[in-house]
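Breakdown of the fold
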Amino acid sequence: MSQSKLATESLNVYYGQNHAIKGVDLSFPRNTVTALIGPSGCGKSTYLRCLNRMNDLIPNAKVEGQILLDGNNINEQKVNVGQLRKRIGMVFQRPNPFSKSIFENVAYGPRHHGVSSKAKLNEIVEESLRKAALWDEVKDRIHRSALALSGGQQQRLCIARALSMSPEILLLDEPASALDPISTGKIEELIVELKKEYTLIIVTHNMQQAARISDSTAFFYVGEVVEHGDTNQIFTTPKQQQTEDYVTGRFG
Ligand SMILES: Nc1ncnc2c1ncn2[C@@H]1O[C@H](COP(=O)(O)OP(=O)(O)OP(=O)(O)O)[C@@H](O)[C@H]1O
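What counts and what doesn't
Residues numbered from 1 in each chain as written. Predicted model: local features only at pLDDT ≥ 70, side-chain atom pairs only at ≥ 80, totals over all residues. UniProt positions renumbered as here; feature names shortened; annotations may be inferred. Helix = DSSP H or I, 4+ residues; strand = E, 2+ residues; numbered from the N terminus. Expected span 1.5 Å × (residues − 1). Buried ≥ 20, exposed ≤ 12 C-beta atoms within 10 Å, placed from the backbone. Contact = placed C-beta atoms within 7 Å. Near = placed C-beta within 6 Å. Pairing = 2+ DSSP bridges. Axes fitted to C-alpha atoms, helices over the stretch in contact; angles between N-to-C directions.

- The protein appears in an unreviewed UniProt entry as Phosphate transport system ATP-binding protein from Caldalkalibacillus horti.

1. Section: the UniProt feature "domain: ABC transporter" (unreviewed entry) in the protein
- In the numbering adopted here, UniProt assigns the feature "domain: ABC transporter" (unreviewed entry) to residues 6-247.
- The span residues 6-247 is 37% helix and 26% strand, and its two end C-alpha atoms sit 25 Å from each other.

2. A closer look at helix α6 (residues 151-163)
- Between its terminal C-alpha atoms α6 stretches 18 Å, which fits the 18 Å expected from 13 residues at 1.5 Å a residue.
- Most of α6 is tucked away: 12 of the 13 residues are buried.
- All of the buried residues along α6 are G152, Q153, Q154, Q155, R156, L157, C158, I159, A160, R161, A162 and L163.
- Elements in contact with the buried residues of α6: β6 (88-91), α3 (102-112), α4 (118-131), α5 (135-138), β7 (169-173) and α7 (181-194).

3. With respect to the site of the ligand
- Taken together, Y15, N18, A20, G38, S40, G41, C42, G43, K44, S45, T46 and I58 make up the full set of residues near the ligand.
- Elements represented by at least two residues in the shell around the ligand include exactly β2 (18-28) and α1 (44-50).
- For the shell around the ligand, the element with the highest residue contribution is α1, accounting for 3 residues.

4. Re the sheet that holds β7
- With mixed pairing, the 6 strands of this open sheet are ordered in space as β6-β7-β8-β3-β9-β10. Across the chains shown, the open sheet's two edge strands, defined by having one partner strand only, are β6 and β10 (224-230). Strand-to-strand twist of the sheet, defined as the mean angle between neighbouring strand axes without regard to direction, takes the value 15 degrees.
- Here β6 runs beside β7; their pairing, made up of 4 bridges, is parallel. Opposite M90, over in β7, you have L171 as the bridge partner.

The structure is reproduced here in structure tokens:
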């Protein structure tokens, strides 16, 4: 049996007394896109943040259970979180480039992790921007400020920044919700392209988007996964009434 790239077993998250994630078991096969859907406040972002230990940064958050990366539990004290986040990159809802040049945004991570050769950095920056489908648009202004790019370009730059670390998994938290439809379309095309090389997990409020780009979908409701399955099945023949009500827009 082929092992999932990433999986959680009996994952629980508490913010003080608030039990935000309740015993979630999910697995993410390599080279697939999984969409996490569900109404506001049901725990999608909290769950996503567990996967690369971002909840460590939230003082009252407690994460219990197993998070298995290639079969090894990464939810343990001894795990080097810096190295882990190299392997599992993250892109947020609002594009958040540094106030630096396009080049420096992408070179920042590799340089911080010890790459000092100018030729190597040039190579990483070009390759990452190409993979993020941004190179052709920015190659003539690579040393200009990233803040002069459009929102959609900034978001692709943030994806390039994550790719510069040669991750294996990309976590995307509503990556297109702040973008116009054309930029959203480019991000969606990019996500589908990236799954050839990476395993992707995306939180989205946009049902059409989930249906267009994901292979499997997990429906979250008040901290639990109500249903997880093939995206086509979830949207056409859901097994649970709550899933059907949500995907047909009856609530949420
Ligand atoms: N930093 C935090 N501190 C305390 N409670 C939090 C924190 N972040 C989220 N929560 C709580 O955890 C629960 C799940 O929130 P979360 O943001 O994960 O949901 P979500 O499904 O991603 O929502 P949305 O779709 O609105 O982004 C909510 O009850 C929320 O109030």
